[in-house]
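Descriptive analysis of the structure
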Number of protein chains: 2
Amino acid sequence: MKPINIGLMGVGTVGGGVATVLKRNAEEISRRAGRDIRLTIAARRNVEQARELVGEEVAIVADAFAVVDHPDVDIVVELIGGDTVAKELVLRAIANGKHVVTANKKLLALHGNEIFARAQEKGVMVAFEAAVAGGIPIIKALREGLSANRIEWIAGIINGTSNFILTEMREKGASFADVLAEAQRLGYAEADPTFDVEGHDAGHKLTIMAAIAFGIPMNFGACYLEGISRLDGRDIRYAEELGYRVKLLGLTRCTEDGVELRVHPTLIPEGRLIANVNGVMNAVLAKGDAIGPTLYYGAGAGALPTASAVVADIVDVARLMTADPEHRVPHLAFQPDQLKDLPLLPMDEVVSSYYLRISVTDRAGVLAEITRLLAENDISIEALIQKGSLSEGTAEVVLLTHRVKERQANAAIAAIEALASVTCPVVRLRMEELNG
Amino acid sequence: MKPINIGLMGVGTVGGGVATVLKRNAEEISRRAGRDIRLTIAARRNVEQARELVGEEVAIVADAFAVVDHPDVDIVVELIGGDTVAKELVLRAIANGKHVVTANKKLLALHGNEIFARAQEKGVMVAFEAAVAGGIPIIKALREGLSANRIEWIAGIINGTSNFILTEMREKGASFADVLAEAQRLGYAEADPTFDVEGHDAGHKLTIMAAIAFGIPMNFGACYLEGISRLDGRDIRYAEELGYRVKLLGLTRCTEDGVELRVHPTLIPEGRLIANVNGVMNAVLAKGDAIGPTLYYGAGAGALPTASAVVADIVDVARLMTADPEHRVPHLAFQPDQLKDLPLLPMDEVVSSYYLRISVTDRAGVLAEITRLLAENDISIEALIQKGSLSEGTAEVVLLTHRVKERQANAAIAAIEALASVTCPVVRLRMEELNG
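The rules behind each value
- Position numbers for residues start from 1 in each chain and track the written sequence from start to end.
- Chain letters start at A and ligand numbers start at 1, both assigned in the order the entries are written.
- Residue-level local features of this predicted model are given only where pLDDT is at least 70; pairs of side-chain atoms are given and counted only at 80 or more, and the full residue set underlies all totals for whole chains, interfaces and linings.
- Only heavy atoms go into the side-chain values, all of them from the structure, while hydrogens and water stay out.
- UniProt positions are given in the numbering used here, feature names are shortened, and annotations may be inferred rather than shown by experiment.
- By the criteria applied, helices consist of DSSP H or I runs no shorter than four residues and strands consist of E runs no shorter than two, each listed in order from the N terminus.
- Exposure classes here rest on a 1.4 Å probe applied to the protein chains alone. A residue is buried below 20% of its type maximum, exposed above 50%, and partly exposed in between.
- When charges are tallied, Lys and Arg are placed among the positive residues and Asp and Glu among the negative ones, while His and the ends of the chain are skipped.
- For the purpose of locating charges, the reference atoms are NZ of Lys, CZ of Arg, CG of Asp and CD of Glu.
- Between any two strands, pairing holds if DSSP finds at least two bridges.
- Working rule for contacts: check all heavy atoms of both residues, and any pair within 4.5 Å makes them a contact.
- Inter-axis angles, ranging from 0 to 180 degrees, are taken between N-to-C directions of lines fitted to C-alpha atoms, where helices are fitted over the stretch in contact.
- Working definition: a ring pair exists when centres of Phe, Tyr or Trp rings (six-membered ring for Trp) sit within 6.5 Å. Plane angles under 30 degrees give stacked, over 60 give edge-to-face, the rest tilted.
- The term salt bridge refers to a side-chain nitrogen of Lys or Arg lying within 4 Å of a carboxyl oxygen of Asp or Glu.
- To qualify as a nonpolar core, a set must consist of buried Ala, Val, Leu, Ile, Met, Phe, Trp, Tyr and Cys residues joined through side-chain atoms within 4.5 Å.
- N or O atoms within 3.5 Å of each other form a polar contact, as long as, within protein, one can give a hydrogen and the other can take it, and as long as residues adjacent in sequence are counted only when both atoms are side-chain atoms.
- Every helix has an expected span of 1.5 Å times one less than the residues it contains.
- Buried area: the accessible area, evaluated with a 1.4 Å probe, that two parts lose upon being put together, summed over both parts.
- All the domain ranges listed were derived from an automatic or database domain assignment.
- Classification convention: Asp, Glu, Lys, Arg as charged; Ala, Val, Leu, Ile, Met, Phe, Trp, Tyr, Cys, Pro as nonpolar; all other residues, Gly among them, as polar.
- Alignment of copies: least-squares fit on C-alpha atoms of residues with pLDDT of at least 70 in both copies.

For chain A, the name recorded in an unreviewed UniProt entry is Homoserine dehydrogenase, with Crenobacter intestini as its organism. For chain A, the Sequence similarities (unreviewed entry) comment in UniProt is given as "Belongs to the homoserine dehydrogenase family."

1. A closer look at the overall build of chain A
A count of helical and extended segments in chain A gives 15 helices and 17 strands. C-alpha extents for chain A along the principal axes are approximately 80 × 45 × 35 Å. For chain A, the residues scored as buried account for 60% of the 436 residues in total. Across chain A, 45 positive and 57 negative side-chain charges occur, with their mean positions spaced 3 Å apart.

2. Points about the sheet that holds strand 5 (residues 99-102) of chain A
All names here are of chain A. Ordered by their spatial adjacency, 6 strands build an open sheet running 3-2-1-4-5-6, and the pairing between neighbours is parallel. Across the chains shown, the open sheet's two edge strands, defined by having one partner strand only, are strand 3 (59-61) and strand 6 (126-127). Relative to strand 2 (residues 37-43), strand 1 (residues 4-9) is paired through 6 bridges, and the arrangement is parallel. Bridge assignment links methionine 9 to a residue of strand 2, and that residue is alanine 43. Packing against the sheet, helix 3 (residues 47-54) makes contact with strand 1, strand 2 and strand 3, and its axis sits at approximately 150 degrees to strand 3.

3. Things to note about the packing of aromatic side chains
All names here are of chain A. Tallying each qualifying case throughout the model produces 5 aromatic pairs over all chains. Consider the rings of phenylalanine 116 and phenylalanine 128, whose centres lie 5.4 Å apart with planes at 50 degrees: the pair is tilted. Taken together, the residues phenylalanine 116 in helix 6 (residues 105-122) and phenylalanine 128 in the loop between strand 6 and helix 7 (138-145) connect sequence positions 12 residues apart. Residue phenylalanine 116 is classed as buried on the basis of its relative accessible area, which comes to 7%. By relative accessible area, phenylalanine 128 is classed as buried at 1%.

4. A word on the environment of Pro346(A)
Along the chain, Pro346(A) falls in the loop between helix 13 (303-320) and strand 13 (351-361). Here the alpha-carbon distance between Pro346(A) and Glu260(A), two residues 86 residues apart in the chain, equals 7.7 Å.

5. Regarding the pattern of salt bridges
This model, assessed by the stated rule, comprises 74 salt bridges over all chains. Across the salt bridge formed by Glu326(B) and Arg35(A), the nearest N and O atoms sit 3.8 Å from each other. Of this pair, Glu326(B) sits in the loop between helix 13 (303-320) and strand 13 (351-361) while Arg35(A) is found in the loop between helix 2 (26-33) and strand 2, placing the two residues in two different chains. Note that Arg428(B) and Glu406(B) form a salt bridge whose closest N and O atoms lie 3.6 Å from each other. Here Arg428(B) is found in strand 17 (residues 427-431), whereas its partner Glu406(B) is found in helix 15 (residues 406-417), with 22 residues between them in sequence.

6. Observations regarding the nonpolar core
Ranked by size, the top nonpolar core spans 171 residues in total, and within it Ile138(A), Ile165(A), Ile138(B) and Ile165(B) carry the most contacts. Those residues within four positions of Ile165(B) in sequence are excluded, and the remaining contacts are Phe176(B), Val179(B), Leu180(B), Ala183(B), Val197(B) and Ile228(B). Counting 76 residues, the second-largest nonpolar core is a separate cluster that includes Leu8(A), Ala130(A), Ile29(B) and Ala307(B).

7. Quick word on the UniProt feature "active site" (unreviewed entry) in chain A
Residue and element names in this part refer to chain A. Within this structure's numbering, the places UniProt gives as "active site" (unreviewed entry) are Lys205. Inspection of the secondary structure assignment puts lysine 205 in helix 11 (residues 200-214). Relative accessible area serves as the criterion here: at 5%, lysine 205 is assigned to the buried category. Residues within four places of lysine 205 in sequence aside, it is in contact with Lys105, Ala131, Val132, Ala133, Ile158 and Asn159. A distance of 2.7 Å separates the side chain of lysine 205 from the backbone oxygen of isoleucine 158, its partner in a polar contact.

8. A short note on helix 1 (residues 13-24) of chain A
Residue and element names in this part refer to chain A. End to end, helix 1 covers 16 Å across 12 residues, agreeing with the expected 16 Å (1.5 Å per residue, within 8%). Of the positions making up helix 1, those classed as buried are Gly15, Gly16, Gly17, Val18, Ala19, Val21 and Leu22. Tucked inside the fold, the buried residues of helix 1 contact strand 1, helix 2, strand 2, helix 3 and helix 13.

9. A look at the interface of chain A and chain B
Across the contact, 64 residues belong to chain A and 64 residues belong to chain B. When chain A packs against chain B, close to 5300 Å² is buried across both sides, 52% of that on carbon and sulfur atoms. The largest per-residue losses of area from chain A upon contact with chain B belong to Arg31(A), Arg32(A) and Leu273(A), which jointly make up 16% of the total buried on that side. A salt bridge links Glu27(A) to Lys340(B); its shortest N-O distance comes to 2.8 Å. Counting every contact that joins chain A to chain B gives 32 residue pairs in polar contact (both at pLDDT 80 or more). Secondary structure elements with two or more residues in the side of chain A that touches chain B: helix 1, helix 2, helix 7, helix 11, strand 12 (292-299) and helix 13 of chain A. Examining the composition of the side of chain A that touches chain B, we find that 9 residues originate from one element, helix 13 of chain A, more than from any other. Two strands pair when backbone bridges link them, and strand 12 of chain A and strand 12 (residues 292-299) of chain B are joined in this way by 3 bridges, in the antiparallel orientation. The residue of strand 12 of chain B that forms the bridge with Leu295(A) is Tyr297(B).

10. Details of the UniProt feature "binding site: NADP(+)" (unreviewed entry) in chain A
All names here are of chain A. UniProt feature "binding site: NADP(+)" (unreviewed entry): in the numbering of this structure it lies at Met9, Gly10, Val11, Gly12, Thr13, Val14, Gly15 and Gly16. Relative to the helices and strands, glycine 12 resides in the loop between strand 1 and helix 1. Overall, the relative accessible area of 30% leaves glycine 12 in the partly exposed class. Each residue touching glycine 12, except ones within four places of it in the same chain, is listed here: Arg44 and Leu53. Looking at glycine 15, the relative accessible area reads 1%, which means it is buried. Once residues within four sequence positions are removed from consideration, glycine 15 is found in contact with Leu8, Gly10 and Leu79.

11. A short note on the domain arrangement of chain A
Residue and element names in this part refer to chain A. You can read the domains of chain A as domain 1 (4-137 + 303-338), domain 2 (138-299) and domain 3 (351-431). Residue-level contacts link 17 residues of domain 2 with 15 residues of domain 3. Both faces combined, the contact of domain 2 with domain 3 buries some 1500 Å², and carbon together with sulfur accounts for 54% of it. Broken down residue by residue, the surface that domain 2 buries against domain 3 is led by Tyr238, Leu242 and Leu267, which jointly contribute 38%. Between domain 2 and domain 3 we count 5 salt bridges in total. Between aspartate 232 and arginine 357 there is a salt bridge, with the nearest N and O atoms lying 3.8 Å from each other. Where domain 2 packs against domain 3, one counts 8 residue pairs in polar contact (both at pLDDT 80 or more). At the level of secondary structure, the elements contributing two or more residues to the side of domain 2 that touches domain 3 comprise helix 12 (233-241) and strand 10 (258-269). Looking at the side of domain 2 that touches domain 3 residue by residue, the classes come out as 8 nonpolar, 2 polar and 7 charged.

12. So, the sheet that holds strand 1 (residues 4-9) of chain B
Residue and element names in this part refer to chain B. Taken in spatial order, the 6 strands line up as 3-2-1-4-5-6 in an open sheet, and their pairing is parallel. The sheet is open, and its two borders are formed by strand 3 (59-61) and strand 6 (126-127), each paired with just one other strand. Sitting on the sheet, helix 3 (residues 47-54) touches strand 1, strand 2 (37-43) and strand 3, and the angle it makes with strand 3 is about 150 degrees.

13. Quick notes on helix 7 (residues 138-145) of chain B
Helix 7 of chain B sits mainly inside the fold: 8 of its 8 residues count as buried. Along helix 7 of chain B, the positions that sit buried rather than exposed are Ile138(B), Ile139(B), Lys140(B), Ala141(B), Leu142(B), Arg143(B), Glu144(B) and Gly145(B).

14. Quick look at the relation of the copies chain A and chain B
Both copies of the chain are related by one operation, a rotation about an axis with a shift along it. For the pair chain A and chain B, the best superposition has an RMSD of 0.0 Å and corresponds to a rotation of 180 degrees with a translation of 0.0 Å parallel to the axis. Within this description, the copies of the chain are treated as partners about a two-fold rotation axis. In terms of C-alpha distance to the rotation axis, chain A has Tyr296(A) as its closest residue, with the C-alpha 2.4 Å off the axis. Of all interface residues in chain A, 100% are interface residues in chain B too; the two copies therefore contact each other through one and the same surface.

15. As for the environment of Val360(B)
For Val360(B), the location among the structural elements is in strand 13. Residues Val360(B) and Leu251(B), spaced 109 residues apart in sequence, show a C-alpha to C-alpha distance of 32 Å.

The structure is reproduced here in structure tokens:
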């Protein structure tokens, strides 16, 4: 069968990984795909550096547009990132009738609706396994493996940098700032870590998973984002005393009132498998109505794991590129005319349990006041511990609530903060059982 | 698009689950598949019982051959089990040009080579996601998700009954016999549990995964099987003291000398995610050269989880049944002419670490004798604990070895058992780090 020609745009860490995997595993890949897959042309401004990464036999150009316009290229791999020039290149590749494989979560979360519509018109495929959770084949699992299910919710540890930081904070008792500095030294965090630690990256990935799980358009704008940068090591310790681990989760749930789409630090019972996913590793827990809970775990970043997903997409596309589009799996799992614009639930309407830490001055009756305010807001308490000694003038009340609407939790928190004996803003973390 | 007609053979627990999922999630499934999928005909000897499980709108026949011969049936679902009549039915369905979805691990492990060859000749698909690890889409993950990788090894907890028993033995300190009785009462174990607890079922599933991972024919006959029925609760406790959990693992590894294919109780470091998969749940840990270790977790049995896999296969087959076979994923991941008959490694040649428990009488120098015999067989010791008191006349020496060939371990064990001071056969369990 005719070999498939790959054009690569963006030859950095992951691009080098793709070249390595295609070369090293050429025989295995060809034995599986039933055709040879060869990297024909690659684009990077610095041609010499690209040469070192992709080897002698690949044509190298400085201008990525030369790749999308190249007549021999069957599949374009976009690893440039961002949503400016990458968007232009992907749209042009589609216009040129080329299939696209991309790892660009931001591009899809922000412009996926447009890109998939164009691809549909032109009858080409846009594959994006590498955009979510690196090497883990989670897109394939959600889109094909769970196709018999109504997917109820997904909870993912989908940002390795944040998970590394949270793991170190717990294991070493270190502060966010100290661990961040270490992560930067190790290359696990960028010089500007905002994108990772404030939840943007996880939000992009979550947006893509929600679209596939529920058959809705991409709607990153509606995603609630709360990062880990203000997380206090004390809360990780207290959570542990109560039997919980704190993880930055991307959570999406389909409820009768709308779809939840939220990224925030979350307490998870320590017995859950996902609570024990540590370091830079990723995991996605998905609940289907037939299959129940199911978890997918692996490396969420890195040259070779990400290349594993990119090349798996290439094999999939290579198999189906000459087939009638009706034989293909729809980009967003559901047929394009079957997407539903379900309402996105505002954060105020989301139902969750809460961890609250309240700093109080030594005054008789303060606990009674707090519990009264919670009761007035229909919030019942699941557990309560008191830290520090009231006799020394201050103490901390740490409590876990049952499930209530965020609006109620906010009202109760505002009322508690208005108490004279409450000395600081209340620390509030959300808590998920992840069992049903 | 034309609806797809399903013919179901075997309407028991899982068959009822398939009918339920197809009905309950008909809208979601059709929105994904782009065509309606309807259960048209079902076969079960007891027609009344079948009627209760599949509902009024499905034709019911007593003779399963009426399903495979039915002109309107596009896809035959085989849920009868076993390898006698099920084999006949599957081969006849293929001969009739029908696509087949099956959950029958035994049939494929024993007769898969013949079945896939016939399917290839007739240009039909045989899909079998439900045959391994129930609802977990592990076949899809290994075959498509990891297609860029040289898969190095797979380790799976793939028998829920055994995992339930081991979990209860550990958590309650109960004996195998007591927990088995409880499992039978709960419906987690059959009246004759041999198939589950002696590793046959896991061996069938492992055989299928090895074929897909390494591109080799099915070779269940070469699979080493050792079950959990003779496992002593003491060894689970001692393993835990040393930082390990005991799991019944199916293990397959591609080495330079051949393919390992073995099922046995295995010590795993307690920090590994897979060591914490408890109860009836299943998990498969696969290591690819690009992706690294990756884990898939979920329900390995049960009506709805298994139906989740069966119906996902139906959707896959429905999409591709009218496509040119070159657009399909090969049954065993590799193109049929690209399978390699790699040698299977005899158990004597397998390299592993070992847990040994040696019962000794009180005699000065017995430890020196044991360590000398190990050294003579080039076996070094990683950890050693002594249980019981030598002063009371007997003691147990528990030790962990470094990695050696099973042949060496056997020789050392035989020599140790020949010592006058060794009172019982040595208990030997294998140990795997599962980290590279």
